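# A closer look at the structure
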Amino acid sequence: MLELTDTLYTDRKTLFAEVILPLAIARNYTYRVPYELNDTIAVGKRVVVQFGKSKLYTAVVASIGIRAPEKYEAKYLMEILDDQPVVTPQQLQFWQWMADYYLCNTGEVMNAALPAAFKLASETRIMLNRDIEFDRATLHDKEYLIVDALDIQPELSVSDIIKLLGQKTVLPLLKTLFEKNIVHISEEVSERYKPRKRTYITLNPLYNDQEKLKELFAILEKRAPKQADAVLAYIKLKRGQSAITKTELAEAADVNSTIIKSLTDKEIFFAEDKNVSRLYYEDQQTPATFELNEAQEQALTSIKKQFEDKDVVLLHGVTSSGKTQVYIRLVEEVIRAGKQVLYLLPEIALTTHVIERLRRFFGNDIGIYHSRFNDNERVEVWHKVLNHEYKVVLGARSAVFLPFDDIGLVIIDEEHETSYKQFDPAPRYNARDAAIYLAGRYGAKVLLGSATPSIESYYNARTHKYGLSEMTERFGGVSLPQIEVVSITDETKQKTMQSHFTGVLMDDIKRALEHKEQVILFQNRRGYAPVLICKICAFTPRCVNCDVSLTYHKSSRKLHCHYCGYKEDTLNICPACGSTHLEYKGFGTEKIEDELSILLPKARIARMDLDTTRARNAYQSILNELEEKRIDILVGTQMVAKGLDFSDVTVIGIINADSLLKFPDYRANERSFQMLAQVSGRAGRRGKQGKVVIQTYNPDHRVIQQVIINDYKDLYFTEIEERKTFKYPPYYRIIQFDIKHRDPDQLTLQADYIAGELRKHFGDRVVGPEFPLISRIRSFYIKSIILKFERDSISLAKVKTIIREVILQYQTTKLSKGSLVQPDVDPY
């Protein structure tokens, strides 16, 4: 209806704004602009609107025009929240593409894209930030009323505040309070932001006089030599940097904090606590320098040459081949050209590890963005990107939504990772594919990096859709780790198993500990034991909401559901037969950690999984302890497989490789190879050759043999033939439909109806409906339908048009009542 434009309107015309609401509605909604706002309305600004009977929402202006909607009377929009647009026209087009491609609505994309602070609504709950002090005398009357009410009641909804003030336009007030950091959105409570404080040390200016400094040294060397060491260390550090922290000084002088405190008590040093930015260290670090080796130079030259006629290049380099340094050289060139760089990583956790490496080269020109940040931080990064303050943005998948202006390069590290895919809620997008499209809009180049590329990406490279550059040797001539496969069956027969550890693995762990080296153990299941079972009647406790057994967690002494979060006390008596003979079956990371502490009581053992890294800085804390050699053995899930680089990790143990290989998925072999190869790649990355011990019941399995000789190409050729035979990507596209309902009988009728309608258009390309492996989650039963169609012979746009029509037609029937239909494009 309306032409997209960001022109400001200054005359007395009646204007209408089409806005995107943060709701799953099929169409954008149009509002009338009050005359007094004509000169400030603009595309990309946020506005306050009423939608439904009385609910207020923050919406984004998508377009402005002079034509009123024909089917309904346009309400007035209530307020404009921004002086300048916070969403760019390029972003709005990207949102529309994502909604079209992933079969969702632009409101759902908006919800995923914007930080929660940009989307205040009637249901949003507000709480006071009690971590800061502020002068209440500076507040306006209405701001004071809100703060006063939050003193009495910990949380208030926006609707409550509307009633309190007796006015509807409260969102601008809340926006001001939020910007002052006086209030928080209550969903942040578990991770409230506290400013990072650091103690900086300065020498008393009295000792700038060289004679007085000599006198001080003479006194301290006689009476307090450790204090003299601290002063000397300060003087040495001061030559190379402008600001010195208490921690840096203590480390440089090899003294404890008590020595520093004594010097401050004597007023030889002055100590000052400062808030540093939420996003990075305040002190600029001197850029590090390095030289590429011959293999890296060849890869860099190859990539740059292929960028001349290819938009996407795949860098296939073995683990520890030095891919990050190649990335850095490319980033430097793009920055010199005045363009921005988006550097994607698959895991939030990985960003904290990689950022420390990249800061040495780009200082504070690099920003970080991911969903673990609270709203203050996400809004701060958003504005810094919008205002061109960052040249490089490092982030997890949500970073694709940032308001870039001129991207020159997108780097997608570990491009094979499933973490790039969002499964729930919509949009169910793959950040790798979305980033490639985004780069295309800016005319930017894309570099995909991986030691174990996805089959699709490698296929695209071999068919010349992408460029391909390969690095086959580890940096510095370090050998790939020695891999030894150990049969659990054989060791069980020989009675050499110790709990879940083979004799071979235990010997290697002990040898590493004797040499002051470190060990990583991988078990891709968290918790203590996945199943509690009655030995008499075989009863197993199950989740009340999901079709899964409950996992026992020793730390909480409860049974947990990993799908919906349900918990219950563990059982001592079987509720079915009354027996007391209950036992735990299977094992997770918690049990591995527990049993290792018994077998190796002197070892310092830590665990890295979702349970131990929920807190804001928990992941970084564990990595720091590993790097500082305060951890001997790290037990973890797939988190330990991704991008970690520690010089003293020489032994990797894979506790049970079969749990990966037996997963019912056409990608099981590919994903098993990737996981095993990536975990193995953590061993012996610098200097000494590492060793990997793979424990399995099936040592002759094809994938394990391919991992031993690091033969990715053999995996690729085997898998690609099977994909072609059984009609899977990259030869066929897949769209999956999950139909959900609380009543399984009604669900069967609904799923059969949708499958029947799809078959009218696509025939035997439609598979199902069938119950998936887990057929009920959060009280909803699920049936899945899969549509497989040829990649080249059928128009994707036409297929999606038909799908939208089928779903819309189904939703108009009485049969659809109470159901959810969730299409997922490229679901795996």
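For the structure itself, look to the data block above.
Computed from a predicted structure; not experimentally measured.

### What about the overall build of the protein?
A count of helices and strands for the protein gives 25 helices and 34 strands. What you see for the protein is a C-alpha radius of gyration of 30 Å, in line with the 28 Å of a compact globule of 828 residues. C-alpha extents for the protein along the principal axes are approximately 90 × 75 × 70 Å. Every one of the 828 residues in the protein was classed for burial, and the buried ones make up 54%. Considering only contacts within the protein whose residues lie at least 6 apart along the sequence, 74% involve residues at least 24 apart. Carbon and sulfur atoms provide 48% of the accessible area of the protein, an area that totals close to 37,900 Å².

### Details of the sheet that holds strand β28 (residues 649–654)
Strand order in the open sheet made by the six strands is β19-β29-β28-β20-β27-β26, with parallel pairing throughout. The open sheet has two edge strands with one neighbour each: β19 (482–487) and β26 (605–608). Taking the axes of each pair of neighbouring strands and ignoring which way they run, one obtains an average angle of 20 degrees across the sheet. Examined bridge by bridge, β26 and strand β27 (residues 633–636) share four bridges and lie parallel to one another.

### Regarding helix α23 (residues 712–725)
Here α23 contains 14 residues, and its C-alpha end-to-end distance of 20 Å stays within 8% of the 20 Å for a straight helix at 1.5 Å per residue. What α23 keeps buried is the set Y712, L715, Y716, E719, I720 and R723. Take α23 and look down its axis: the buried residues cluster within an arc of 120 degrees, on one side only. The exposed residues of α23 that point more than 90 degrees off its buried face are K724 and T725.

### Structural notes on helix α9 (residues 257–265)
All buried positions along α9 are accounted for by I259, I260, L263 and T264. Looking straight down α9, one finds that the buried residues subtend no more than 140 degrees of arc, so they occupy a single side. Set apart from the buried face of α9 by more than 90 degrees, the exposed residues are T258 and D265. A distance of 3.1 Å separates the backbone nitrogen of T258 from a side-chain oxygen at the start of α9, and that oxygen is part of N256. After α9 finishes, the residue E267 shows a positive phi value of roughly 65 degrees.

What counts and how
- Residues numbered from 1 in each chain as written.
- Predicted model: local features only at pLDDT ≥ 70, side-chain atom pairs only at ≥ 80, totals over all residues.
- Heavy atoms only, no water.
- Helix = DSSP H or I, 4+ residues; strand = E, 2+ residues; numbered from the N terminus.
- Rg over C-alpha atoms; globule rule 2.2 N^0.38 Å.
- Buried < 20%, exposed > 50% of the residue type's maximum accessible area, 1.4 Å probe, protein only.
- Contact = heavy atoms within 4.5 Å.
- Areas by Shrake-Rupley, 256 points an atom, 1.4 Å probe, with all protein chains shown as cover.
- Pairing = 2+ DSSP bridges.
- Axes fitted to C-alpha atoms, helices over the stretch in contact; angles between N-to-C directions.
- Expected span 1.5 Å × (residues − 1).
- Arc of directions from axis to C-beta.
- Polar contact = N/O pair within 3.5 Å; in protein donor to acceptor, adjacent residues only side chain to side chain.

Everything listed here is a matter of geometry and, on its own, says nothing about what the molecule does.
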